[in-house]
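Take a look at the letters that make up each chain.
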Amino acid sequence: MSFINGAVLVLSGPSGAGKSSLIHKVVNDLGECYFSISTTTRSIREGEVDGVDYHFVDEEEFKREIEKDQFLEYAIVHGNYYGTSLRPVKKALLEGKLVVFDIDVQGNSAINSRLGDITTSIFITPPTLSELKKRLENRHTDTQEIIDRRVKMARREIQRVSEYEYLLINDDLDVAADKLRFIAKVARFKKSNEEINEFVQNWEDL
Ligand code: 5GP
């Protein structure tokens, strides 16, 4: 794909890892960014806004978008479909922005296959599984059944941490936010293979 200038930052981690709080904390310090808004078939939670947190659609519409090849990647997470639309990501990358994804391990793997040269990936987690359980329970947004499912999923996801460049332990929010700002700054320096080839070509010719 021809995406000169932009770069990608993937944030993954179990629900309850504090990804959203971290993102809110650093959002104004990251410079020109595009926070990818995913499309999902899961039901809207209290406090969420359609078109801001996600594009909420039904399964039929999601499948129609798959057929039209609208997704850069999509996956089934906790029994619901989640997908990243290609078009706004492409636009943001062409504008030289840092595109930030909050996606799961399957999404990270797909993004790495398609945009690996410009992608920096971070896995965010609380320090322990018991801390994760505590945070999920204190959130009071999900039923015990959903919490159990998320915990089970987290145990599976943690096995794939080695697929990420950085492991960010979110124990103290301020410390984790500082580290995230730092990694995001460096993430912008990644260059696409295309840009590197062009540079080498010009370097030899000029
Ligand atoms: P939640 O329902 O708690 O908002 O998100 C559940 C999981 O889905 C999280 O791990 C989140 O990172 C992941 N997710 C959200 N959007 C996408 C997406 O577009 N693609 C993929 N692969 N995962 C996503």
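To start, this report covers the structure provided alongside it.

Conventions adopted
The written sequence of each chain sets the order in which its residues are numbered from 1. Only residues with pLDDT of at least 70 are given local features in this predicted model, and only at 80 or more are side-chain atom pairs given and counted; all residues enter the totals for whole chains, interfaces and linings. Neither water nor hydrogens contribute to the side-chain values; these are computed over all heavy atoms in the structure. What is meant by a nonpolar core is a set of buried Ala, Val, Leu, Ile, Met, Phe, Trp, Tyr and Cys residues, joined one to another through side-chain atoms within 4.5 Å. Note on exposure labels: buried denotes an accessible area under 20% of the residue type's maximum, exposed denotes more than 50%, and partly exposed covers the range between, all computed with a 1.4 Å probe on protein chains only. Helix and strand labels come from DSSP, where a helix needs a run of H or I of at least four residues and a strand needs a run of E of at least two; each type is numbered from the N terminus. Only heavy atoms matter for contacts: two residues are in contact if any of them lie within 4.5 Å across the pair. Salt bridges are defined by distance alone: a side-chain nitrogen of Lys or Arg within 4 Å of a carboxyl oxygen of Asp or Glu. Here a residue is near a molecule or strand as soon as one of its heavy atoms is found within 4 Å of it. Side-chain atoms alone can form a polar contact between residues adjacent in sequence; in general such a contact is a pair of N or O atoms within 3.5 Å, and within protein one must be able to donate a hydrogen while the other accepts it. All accessible-area figures derive from a Shrake-Rupley calculation using a 1.4 Å probe, and residue coverage is judged against the displayed protein chains alone. Each cavity reported here is a set of points on a 1 Å grid over the protein atoms alone in which a 1.4 Å probe fits but cannot get out, each pocket an open set with protein on both sides within 12 Å along at least five of seven lines, and each lining residue one with an atom within 4 Å of a point. Think of it this way: a molecule belongs to a cavity or pocket when more than half its atoms come within 2 Å of the grid points there. The classification used treats Ala, Val, Leu, Ile, Met, Phe, Trp, Tyr, Cys and Pro as nonpolar, Asp, Glu, Lys and Arg as charged, and all other residues, Gly among them, as polar. Axis definition: a line fitted to C-alpha atoms, over the contacting stretch in the case of helices. Angles run 0 to 180 degrees between N-to-C directions. Working rule for angles: under 35 degrees goes down as roughly parallel, over 145 as roughly antiparallel, 65 to 115 as roughly perpendicular, anything else as oblique. In this scheme the crossing of two helices becomes right-handed for a clockwise turn of the near helix relative to the far one and left-handed for an anticlockwise turn of less than a right angle. When we speak of the arc, we mean the arc of directions from the helix axis to the C-beta atoms.

1. Focus on the nonpolar core
Part 1: Counting residues in hydrophobic clusters, the biggest one holds 20 residues, and the most contacted among them are Leu 9, Leu 11, Leu 98, Ile 122 and Leu 180.
Part 2: With six residues, helix H7 (residues 173-187) is the single largest residue contributor to this core.
Part 3: Each residue touching Leu 11, except ones within four places of it in the same chain, is listed here: Lys 19, Ile 23, Val 100, Phe 101, Asp 102, Ile 103, Ile 122, Ile 124 and Leu 180.
Part 4: Grouped together as the second largest cluster of nonpolar side chains are 17 residues, Ala 92, Leu 93, Ile 118 and Val 161 included.

2. Thoughts on the pattern of salt bridges
Part 1: The final tally for this structure, using the stated rule, is 18 salt bridges.
Part 2: As a salt-bridge pair, Glu 48 and Arg 45 come within 4.0 Å of each other at their nearest N and O atoms.
Part 3: On the basis of relative accessible area, Glu 48 is assigned to the buried category, the value being 19%.
Part 4: Among the ionic pairs, Lys 190 bridges to Glu 165, the shortest N-O distance being 2.8 Å. With Lys 190 in the loop between H7 and helix H8 (193-205) and Glu 165 in the loop between helix H6 (144-157) and strand S9 (166-169), the pair connects residues that are 25 residues apart, well separated along the chain.
Part 5: Residue classification places Lys 190 among the partly exposed residues on the basis of a relative accessible area of 26%.

3. Thoughts on the site of the ligand
Part 1: For the ligand, the set of nearby residues contains 19 residues, the closest of which are Ser 38, Arg 42, Tyr 54, Glu 73 and Tyr 82.
Part 2: At 2.6 Å, a side-chain N or O of Arg 42 approaches an oxygen atom of the ligand.
Part 3: Measuring from an oxygen atom of the ligand, one finds a side-chain N or O atom of Asp 102 at 2.7 Å.
Part 4: A total of 520 Å² of accessible area belongs to the ligand in isolation, and the protein chains cover 95% of it.
Part 5: Structurally, the ligand is housed in the largest pocket.
Part 6: Secondary structure elements with two or more residues in the shell around the ligand: strand S5 (71-77) and strand S6 (80-85).
Part 7: Looking at the shell around the ligand residue by residue, the classes come out as five nonpolar, seven polar and seven charged.

4. Brief notes about the packing of helix H5 (residues 129-139) against H6
Part 1: Orientation of H5 relative to H6, taken along the N-to-C sense of each, is 150 degrees, at an axis distance of 10 Å. Between H5 and H6, the angle falls in the class roughly antiparallel. Seen along the crossing, H5 lies across H6 with a hand that is right-handed. Between H5, through Leu 129, Leu 132, Lys 133, Leu 136, Glu 137 and Arg 139, and H6, the contact on the second element is made entirely by Gln 144, Ile 147, Arg 150, Val 151, Ala 154 and Arg 155.
Part 2: Its residues assigned to classes, the contact of H5 with H6 shows six nonpolar, one polar and five charged.

5. Some details on the packing of helix H1 (residues 19-26) against H7
Think of two packed helices as two axes; the pair is described by the angle between the axes and how far apart they sit.
Part 1: Direction vectors running N to C along H1 and H7 enclose 65 degrees, while the axes themselves pass 9 Å from each other. The chirality of how H1 crosses H7 is right-handed. From H1, Ser 21, Leu 22, Lys 25 and Val 26 reach across to H7, where they touch Leu 173, Asp 174, Ala 176, Ala 177, Leu 180 and Arg 181.
Part 2: Split by residue class, the contact of H1 with H7 holds six nonpolar, one polar and three charged.

6. Here we look at H1
Part 1: Within H1, the full set of buried residues consists of Lys 19, Leu 22, Ile 23 and Val 26. Each buried residue of H1 lies within a common arc of 100 degrees when the element is viewed along its axis, so the set occupies one face.
Part 2: Here the buried face of H1 lies against strand S1 (7-12), strand S2 (33-35), strand S7 (98-102), strand S8 (119-125), S9 and H7.

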